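This is what each chain is made of:
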Amino acid sequence: TSGCGKTTTCLNLAFSLARQSDLRMLLAEVDLRRPSVARMLGIKAEHSFARVLEGSSRLADNALRYGSNLAIAANHCPYRNPAELRQGPTVGPALAALEAQYQPTLVLFDMPPLLAGDDALAFIGHVDCVLLVAAAESSTIEEVDTCERELAAHTNVLGVVLNKCRYPDRRYGYSYA
């Protein structure tokens, strides 16, 4: 659901993996209704990965490089018809061209919330696997189960990240007390 920390998790994963000098990383934002990567990183330029997906612009003009092996393609503002774009005929060729030209080792896609609409499922056919992000004390077991079933029907599920866990049980952690 919205607010689970999927964008923060995606950014942290991208920056962490980019520390491996042998990896060529791309983080691409496909949450086109409520994009937040540009805001979170303080990007002022009006980049639009949506324009890359629709085939009207190049990735080189809509991505920022961080270090020597990480590029981030964000969206400065919402896209007017996100579901239509994700299901349209331009996305597959745009992603194939991106992979052919830049040859990234790994592409991370910051997706919209699965339970908020059909946007994520409209794009899921373009990914090899997913990592589900759930928020402690707000995501329910039923929501996680529903998401896992939905995602597993379309692609491989790597696992679930439990985010926002503030009060771990002392029996399972390391304590100085």
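As shown above, the structure is provided for reference.
What counts, and at which threshold
Residues numbered from 1 in each chain as written. Predicted model: local features only at pLDDT ≥ 70, side-chain atom pairs only at ≥ 80, totals over all residues. Heavy atoms only, no water. Phe/Tyr/Trp six-rings, centres within 6.5 Å; stacked < 30°, edge-to-face > 60°. Helix = DSSP H or I, 4+ residues; strand = E, 2+ residues; numbered from the N terminus. Buried < 20%, exposed > 50% of the residue type's maximum accessible area, 1.4 Å probe, protein only. Lys NZ or Arg CZ within 6 Å of the ring centre and 35° of its normal. Contact = heavy atoms within 4.5 Å. Polar contact = N/O pair within 3.5 Å; in protein donor to acceptor, adjacent residues only side chain to side chain. Salt bridge = Lys/Arg side-chain N within 4 Å of Asp/Glu carboxyl O.

Peer 1: When you look at the packing of aromatic side chains in this model, what are you seeing that I'm missing?
Peer 2: Each aromatic ring pair is specified by the distance between its two centres and by the angle formed by the two planes. On inspection of all chains with the given rule, the structure shows two aromatic pairs. Taken together, a centroid distance of 5.6 Å and an interplanar angle of 90° make the contact between Phe15 and Tyr66 edge-to-face. Placement of the pair is Phe15 in helix α1 (residues 6-17) and Tyr66 in strand β2 (residues 64-66), with a sequence separation of 51 residues. Accessibility expressed as a relative area gives 25% for Tyr66, which makes it partly exposed. On the basis of an interplanar angle of 70° and a centroid distance of 5.0 Å, the ring pair of Phe109 and Phe123 is categorised as edge-to-face. In this pair, Phe109 is assigned in strand β4 (residues 106-110) and Phe123 in helix α6 (residues 119-123), connecting sequence segments 14 residues apart. Considered together, Phe109 and Phe123 belong to a single accessibility category, that of buried residues. The ring of Tyr79 has Arg80 sitting right over it, with the charged end atom 5.4 Å from the ring centre.

Peer 1: Which parts of the structure should I look at to understand the side chain of Asp110?
Peer 2: Mapped onto the secondary structure, Asp110 falls in strand β4. In this structure, Asp110 is in contact with Lys6, Thr7, Cys10, Ala28, Glu29, Val30, Asp31 and Val37, ignoring residues within four places of it in sequence.

Peer 1: For this particular structure, what's the right way to read the side chain of Asp31?
Peer 2: Position of Asp31 relative to the elements: it lies in the loop between β1 (25-29) and α2 (37-41). Asp31 gets classed as buried once you look at its relative accessible area, which sits at 5%. A polar contact is formed between the side chain of Asp31 and the side chain of Lys6, at a distance of 3.2 Å. Contacts of Asp31, omitting those with residues within four sequence positions, involve Lys6, Asn75, Arg86, Asp110, Met111, Pro112 and Pro113.

Peer 1: Would you mind going over the pattern of salt bridges with me for this structure?
Peer 2: Two side chains with opposite charge may pair up if their charged atoms get near one another. Counting across every chain of the model gives five salt bridges. Among the ionic pairs, Asp119 bridges to Arg33, the shortest N-O distance being 2.4 Å. Of this pair, Asp119 sits in helix α6 while Arg33 sits in the loop between β1 and α2, placing them 86 residues apart in sequence. Judged by relative accessible area, which is 5%, Asp119 ranks as buried. The shortest N-O distance in the salt bridge between Arg86 and Asp119 comes to 3.4 Å. With Arg86 in helix α4 (residues 82-87) and Asp119 in helix α6, this pair connects stretches of sequence that are 33 residues apart.

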